[in-house]
Structures are given as C-alpha cells and as structure tokens.
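Below are the chains, spelled out letter by letter.
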Amino acid sequence: MKIQELSVDLETYSDVDIAKCGVYKYAESDNFEILLFGVSVDGGDVVVYDLACGDTIPKEIMDALTDDTVTKWAFNASFERICISNWLKKHYPDKFKGYSIPEDPASKYLDPASWKCTMIWSAYMGLPLSLEGVGAVLKLQDQKMKEGKDLIRYFCSPCKATKVNGGRTRNLPEHAPDKWETFKTYNKCDVDVEMAIKQKLSRFPVPDFVWDEYHLDQKINDRGIMLDMAVVENAIAFDEKSKASLMVAMQNITNLDNPNSVVQMKQWLSENGIEAESLGKKDVAVMIKDTTGDVADALKLRLQLAKSSVKKYQAMQNAVCNDGRAHGMFQFYGANRSGRWAGRLIQLQNLPQNHLPDLADAREIVRTGDYDMLQLLYDDIPDTLSQLIRTAFIAKPGYKFIVSDYSAIEGPLHQICLYHIHISICIGQIIFDNSRNLFKSCYLCSILSVVTGKHFISIINFTHYHWIKDSVVSDAFHHIVQAIPLIQMKRMIVEWFDGVDVKHRYSTLHGLYRHL
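The present account deals with the structure reproduced in this document. (Residues numbered from 1 in each chain as written. Predicted model: local features only at pLDDT ≥ 70, side-chain atom pairs only at ≥ 80, totals over all residues. Heavy atoms only, no water.)

All told, the structure shown has 16 salt bridges when counted by the stated rule. Here D63 and K59 are joined by a salt bridge, their closest N and O atoms 2.7 Å apart. Of this pair, D63 and K59 both sit in helix 2 (residues 59-65), separated by four residues, roughly a single helical turn. On the basis of relative accessibility, which here comes to 55%, the residue K59 falls in the exposed class. Put simply, E181 and K184 hold a salt bridge, and the shortest N to O gap is 3.6 Å. One end of the pair, E181, and the other, K184, are both in helix 7 (residues 177-200), three residues apart, so they sit about a helical turn from each other. (Salt bridge = Lys/Arg side-chain N within 4 Å of Asp/Glu carboxyl O. Helix = DSSP H or I, 4+ residues; strand = E, 2+ residues; numbered from the N terminus. Buried < 20%, exposed > 50% of the residue type's maximum accessible area, 1.4 Å probe, protein only.)

And the structure:
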C-alpha cells in the first residue's frame, strides 16, 4: 500500500554552529551528516534507522521523501526538509529533485508544499515554540527526554581535543555505546511526542490558507537574499580599525587603561565633577549636552565606541552560504500570540535607516576597501558603517529591489477593526479602565480579536463583563452578544482546557478561536 504520511525526526552532526549560522549553512557543510533517522509511517510504530552505524533507509521511505503527494510532518519541519535536501544531494543525487528552475536558489531544496510542521500548528494555537514546552503545556503522556541536550552536545557538534579523550575532535557512537543507545531512544521519543501533539490538536486544524502562507514563507527562506561580501568584510575590518583609533584617542584624553570599562569611566567622570548613574547610550547623549572640553570629547568618543554597527555585518558573515546568499531569515509564526513573522540571524525586520546624502559614494569607498578615504571624508565611521548596512543586500545582476513599508499602520488598522466589531463574547478576564487611551485599547482588542467571516469575536470573561470605557470602543462592545450559542462555545473551551496548565490558558485562547 502506498505511503500517505510520514512523521520524521533527525539527529545530525555538523561542524557549523546552527545557532549563529542557521540551518542552511549548517546542512551544506562538508562535514554534515544525518546520524539517526526516526520515522513513523502512516501513524504506525516509530522506527529509528541508525545511519551512523550503517543502517539504510528502506526504498519506499526514500521514495516518499521526494513524493509530493506524501505529507511529511516534523516539529520545526524546515530543519528536517533542509537537512534531508542536502543529504539526498550528497548521497543520493539521483533521488533528489528541486521544485524550481535551476537558476532559482530555491531549486536546491525539496518542495515545501508537501511538508507540514507541528511547531507551526502549536504556535497557531498560542503554544510554545519548543517541543519540550508544548509537551509540558498539553500534559502529554509522552514527554521529551531531558537528557537530550547533553546527548546532542556530545554527539552532534565538535568536541574539544584533550588528553583524556585522546585528542579527538568528535565523539562517535563507539566512544560511548551506552549514551548512543540512549540517544536512539531519545530520537524515537521525539517522534512519539510530535505525533502526540498532532493527535491532541487534531480537533483544531490549521486552515489551508495558513499552510499556504507557511509554504510561501519556506520558499522565501529557500530563495534567500544576496549579500555583497566585499562590503561586509571591509565594513568589519574598518570597524576594527576605527574602534582601535577611538580607544587610543580616549586613552589620551582620560589616561585610563581601559576607557571602555564602565567602572573606570565612571570614576574618571566623578573626578571631573560628573556623577553618572549609567553610561547607556541615551544617558551619555544627555550628558554631552551639559559638558564641554575633554569630558564632552571623551563622552562623544564613548558614544561612537558603543555603536553596534558591526554586529549586523558579523551576522551576515556568519549566515552567508556557498551561493553568496543568506537563507532562513524569517520564522513563520515567530510571534505565536499574534501570528507575525519573526526575524532570524541578521534580523531583516530591524535594520538601521540611512540618511547619508552621498550614500552610493560611501558604499563604493567601503566596497573598494579605502579606509583612509573613508576616514578623511566622514567624521563618525561607526555611524557611517551603520547607515551602509542596508546596502550590503543586493539584487542579482539585471534586477533591483523595490522596497516599501506602511507608515504607522497599526493605529489605523486597530481603529478599523473596532468599527467592524459586530459581536462581543466574554471569555477571558480582561479589565480596561478609564486611564487607558484609545490607541492602547484598540491595540489590545485587535490582538484578542479573531475574524470569523465578517465578524470579530473579542475575548472577554464569560461571567465578568468589564466593558471598555472609551466612548468609541464601548459603542462597538455593546452590540448583541447572544448571536453565537455561548453554551456550545463554552463546552469547546472546557474540552480544550482539559489537561492544559492554567497559566497557559490565556495564551491559547487567541489561537483557539482563530479557526471558528
């Protein structure tokens, strides 16, 4: 019988730090390999294939991995999909097939359309983004093994060479057979927990349009964004030179061994008549206005030293893959209360603005590596480098970026939502008092509101009606509340909350009612 569904969990090894570099760079390392392949076919018993010790995956499962009609499930499925994509290309290139034209960077990965993620399902219901967290909240019979972190640290990343371990830089199964058997049990347990989550949430399915958004997100991450590494690497080098010269200048003014030390700097300021409680950026900026001479100069230099412009460039250097692109920049449903995307690695949602009138000239100076020219033309090198961060992202030859953004879109949208509230239903205890302004009230209401056709259901307590006092909002809240059978909805909530920790109930309400 043809396989309909797989539930998969991998244990892998790579010499690349996945936390710093992301799964795309992690999996394309020459040293990457899959150690354990845990799988359940069509909801059956979990089988662990020990690839590190010579096991092979059956042909029918191998075929199912690249069959777009077979649904593949995993917790954080993007990890499994990207890892399997690279593993197939390396070991079974005849079985791998991408989902786009060869010129498209996304063609290097398996089609996400046949993959679904229990982490996204959990996030949609307002649950944590970790397998351990979800299992704890749902009080599942099968829980993630606590030994997992230590086992992953032991087998899945390089180890430090010591006399005790014979100078090796990697731990293999033969170095700790007992731990390896426990690791295999851990792998099996993870698949069991993932399947238990799927079963627990089965009454509250994710709508198809959300899965469509997830698959689009995966394609965006697969495609990535190209980086001008000449700009990136020169900016990092320029920042090091700039900070070295700024440090020397501060030492000449203050005569301190380490003027970047908060303790030493506070003492020096005190000796010069300035008592500073904090040396944060905002506090230093305020002090500069009230000081002159050497004190003002030292504070200005400290402000430049505190500029973290280079961190974005370092994140680019860490994340860039062999194709010159950074992949995996976004986490779908990263904000699991509201469903918004979250930034990862470089954090593209939080880039400094640029206001340099000669931006293109400054960029060319950095790209060509002319530090002396940059120092001659620009007084504040850290600030200049910060403003050039956006220019490190480039389109492929023959193309250009068209960038747009909404200006303060949240406020207008919140008010529009309130004008279209037709039904108010009380479910969780939310108290709005007279002191809250309209914007805050709108913001909280829109977070706690979910669309059902043309209606918005606002989540308040069944038994305690705390109406918003703001006039515009209260008008919307006094519409008919009997439109939806409360008994039926309350029964659903009781069923859902059975076995869910009290402290997590509020966080799950939003996700629970999105499907109604």
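The rest of the description comes next.
The subject of this paragraph is the side chain of K72. Locating K72 in the fold gives a position in strand 4 (residues 71-74). If sequence neighbours within four positions are ignored, K72 has contacts with L6, A64, L65, D67, S114, W115 and K116. (Contact = heavy atoms within 4.5 Å.)

Attention shifts here to the nonpolar core. In terms of nonpolar packing, the biggest core is built from 75 residues, with L6, F37, I84, F155 and F183 touching the most fellow members. Apart from residues lying up to four places away in sequence, F37 is in contact with V8, D9, L10, V47, V48, Y49, L51, I57, I61, L65, I84 and N187. Counting residues in each nonpolar core, the second largest holds 31 residues, with M229, A319, L351 and Y378 among its members. (Core = buried A, V, L, I, M, F, W, Y, C linked by side-chain atoms within 4.5 Å.)

This next bit is on the packing of helix 1 (residues 18-27) against helix 3 (residues 77-91). At a minimum axis separation of 7 Å, helix 1 and helix 3 run at an interaxial angle of 45°. Considered as vectors, helix 1 and helix 3 are oriented oblique to each other. Taken together, the residues of helix 3 that come into contact with helix 1 (itself represented by I18, V23, Y24, Y26 and A27) are F79, R81, I82, C83 and N86. Across the contact of helix 1 with helix 3, the residue classes break down as eight nonpolar, one polar and one charged. (Axes fitted to C-alpha atoms, helices over the stretch in contact; angles between N-to-C directions. Parallel < 35°, antiparallel > 145°, perpendicular 65-115°, else oblique. Nonpolar A, V, L, I, M, F, W, Y, C, P; charged D, E, K, R; others polar.)

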